[in-house]
Amino acid sequence: MFVQSTLFEGKRSLIFNSYVFIFAFLPVVFAGCWLLGFGRRQGAVFIWLSLASLFFYGWWNPVYVILILLSLIFNYAWIRLLTVNRTMRWRRFLLVMGIGVNLFVLGYYKYANFFIDTANELTGANLYWEPVILPLGISFLIFLHIACLVDVYRGEVKDTDFIRYCLFVTFFPKLVMGPIVRHREMFPQLIRSEIIGIKAENVSVGLTVFLIGLFKKTVLADNMAVYATPVFGAAENAGMIHLVDAWTGALAYTFQLYFDFSGYTDMAIGVSRLFGIVLPPNFYSPYKSLNIMDFWRRWHMTLSRFLRDYLYIPLGGNRKGELRYCLNLLVTMSLCGLWHGAGWTFVLWGFCHGMIMTANHVWRKLSDHWGFNRDRRFYKGLAWFCTFIAVVCLWVVFRARTIDGALNLLRGMVGMNGLSFDYLGYHLVDSGSFYWILACFVIVLFMPNTHQLMHDHHAFPTGIKGEERSRWAWKPSWKWALIGAVMALCSFLSLSTVTEFLYFQF
């Protein structure tokens, strides 16, 4: 079994769903910005937020604050070199070197253990490497730096003020798990006056979005974990997982992962909005997708566009023929899987997504050639069903620690182990799991998402075709104040058992 880099045991980060963050850290940081804002000292506010962000990161392990600072200083220096150098050959050399250094750092911290284990497995050698600890958010940090270097090289970045760059890199709402923000999305906002002032709209919108995310994490995601974890644990231990149990575990994880990560993103967007900064959306009802391409336009949207703009298009995109297009999809999605984790299950998960994307592309070509009407209601229902089932099955591969564990659970999902309701003497499937899964289905398929609810108060469009403002859209009112109070109460009552976010390991 391949063991990826892990966190220090016993260390806990200053996570959004904790009393310390909600009732201590965030109020102190917010109050500091408010007080500094009286003097209209923009630079002081930026420094305060940058120091607070480093403290936020250092709460987990202060040693890795040094890594953040070294990475920041190196990349800023490299940006300056790219900015002042006008010779195209040297600019290209500097870009390749800058990207190479960033990828080396990512490779060392995230994949050193994986490469050593792989070499030992393939060659029978007994190589030993001191286990490397995976810093929180290293993947998101490196992608942010790479995107900024490429944008500077392309001439899309003009403002490279060091203080603003520090805040752009370290800003704590997005530091650990994104969204992956582009330079042009955040830098213009740092020039505006909202960052040094307190606006009632920003506070009300920010708190509402934060509470929605907190509710998703503490009430929905954590309760789904109760039904997912035992099933996947039994699969890894070669337990015989029966049909109903297998689908219960797979669906529970499908919703756990969505509400966990989208909940974090909502909280990040909400906290950022408190300070007058609008972050880009990251999720837009991905489980409503009618094909796998649409799924990736809606799931982890900032990662999808990064892979598109900085990997898929530079590889040639769809400009070099059908065969090259399909190959580019496979390479991009396989690397997407490897980015998520140092393990063969992640690579297999990404590769399978690439294969399904390729099949989807071929089908669209054939259906257009045959004059097939894809707008029929029956076809859309069937397309949604096939897409959702494919996503659920691939989440099994994503979640499993080993390929054998994934195959064991997938065998159960196709009924190869029978229909029994229990395994190992433990009754997993009960009315509780059924009602929780049904509730999640209703929420993801029929309820408006966060961006539809906050449609009138977000600056960045999602770019989703047919996006509509929900008739339940949020507005300052007693009704929404009551809804927010109920969500807050339910969430705070669940904080007694604080759980870390699933994407912390990535």
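What comes next is a walk through the structure. Computed from a predicted structure; not experimentally measured. (Residues numbered from 1 in each chain as written. Predicted model: local features only at pLDDT ≥ 70, side-chain atom pairs only at ≥ 80, totals over all residues. Heavy atoms only, no water.)

1. Here's the deal with the nonpolar core
No. 1: Ranked by internal contacts, the top residues of the largest apolar core, which has 149 residues, are Phe21, Phe275, Tyr287, Trp299 and Trp395.
No. 2: By residue number, the principal contributor to this core is helix H10 (residues 243-274), which donates 16 residues.
No. 3: If sequence neighbours within four positions are ignored, tryptophan 299 has contacts with Leu257, Tyr258, Asn282, Phe283, Pro286, Tyr287, Ser304, Trp395 and Tyr503. (Core = buried A, V, L, I, M, F, W, Y, C linked by side-chain atoms within 4.5 Å. Buried < 20%, exposed > 50% of the residue type's maximum accessible area, 1.4 Å probe, protein only. Helix = DSSP H or I, 4+ residues; strand = E, 2+ residues; numbered from the N terminus. Contact = heavy atoms within 4.5 Å.)

2. Description of helix H6 (residues 162-170)
Since the α-helix packs 3.6 residues into each turn, any two residues three or four apart lie on the same face.
No. 1: Most of H6 is tucked away: 7 of the 9 residues are buried.
No. 2: If you check which residues of H6 are buried, you get Arg164, Tyr165, Cys166, Leu167, Phe168, Val169 and Thr170.
No. 3: In this structure, the buried residues of H6 make contact with helix H2 (42-58), helix H3 (63-84), helix H5 (138-153), helix H7 (172-175) and helix H8 (183-191).
No. 4: Between the side-chain oxygen at the start of H6 and the backbone nitrogen of isoleucine 163 there is a gap of 3.3 Å, and the oxygen is on aspartate 161. (Polar contact = N/O pair within 3.5 Å; in protein donor to acceptor, adjacent residues only side chain to side chain.)

3. Quick look at empty space enclosed by the protein
No. 1: Evaluation of the coordinates by the stated rule reveals 5 cavities of 30 Å³ or more.
No. 2: If you go around the largest cavity, the residues you meet are Lys216, Tyr258, Ser262, Thr265, Asp266, Asn282, Phe283, Asn449, Thr450 and His451.
No. 3: For the lining of the largest cavity, the secondary-structure elements that each account for two or more residues are H10 and helix H18 (450-453).
No. 4: With 4 residues, the single largest contributor to the lining of the largest cavity is H10.
No. 5: Taken together, the residues that form the lining of the largest cavity break down as 2 nonpolar, 6 polar and 2 charged.
No. 6: For the second largest cavity, the calculated volume is near 50 Å³.
No. 7: Around the second largest cavity sit Phe140, Leu141, Leu144, Val169, Lys174, Leu175, Gly178, Pro179 and Ile180, which together line it.
No. 8: Elements that contribute at least two residues to the lining of the second largest cavity include exactly H5 and H7.
No. 9: Ranked by residue count, the leading element in the lining of the second largest cavity is H5, at 3 residues.
No. 10: Split by residue class, the lining of the second largest cavity holds 7 nonpolar, 1 polar and 1 charged. (1 Å grid on protein atoms, 1.4 Å probe; cavity = no way out; pocket = protein on both sides within 12 Å on 5 of 7 lines; lining within 4 Å. Points joined across faces, edges and corners; volume = space filled by probe spheres on them. Nonpolar A, V, L, I, M, F, W, Y, C, P; charged D, E, K, R; others polar.)

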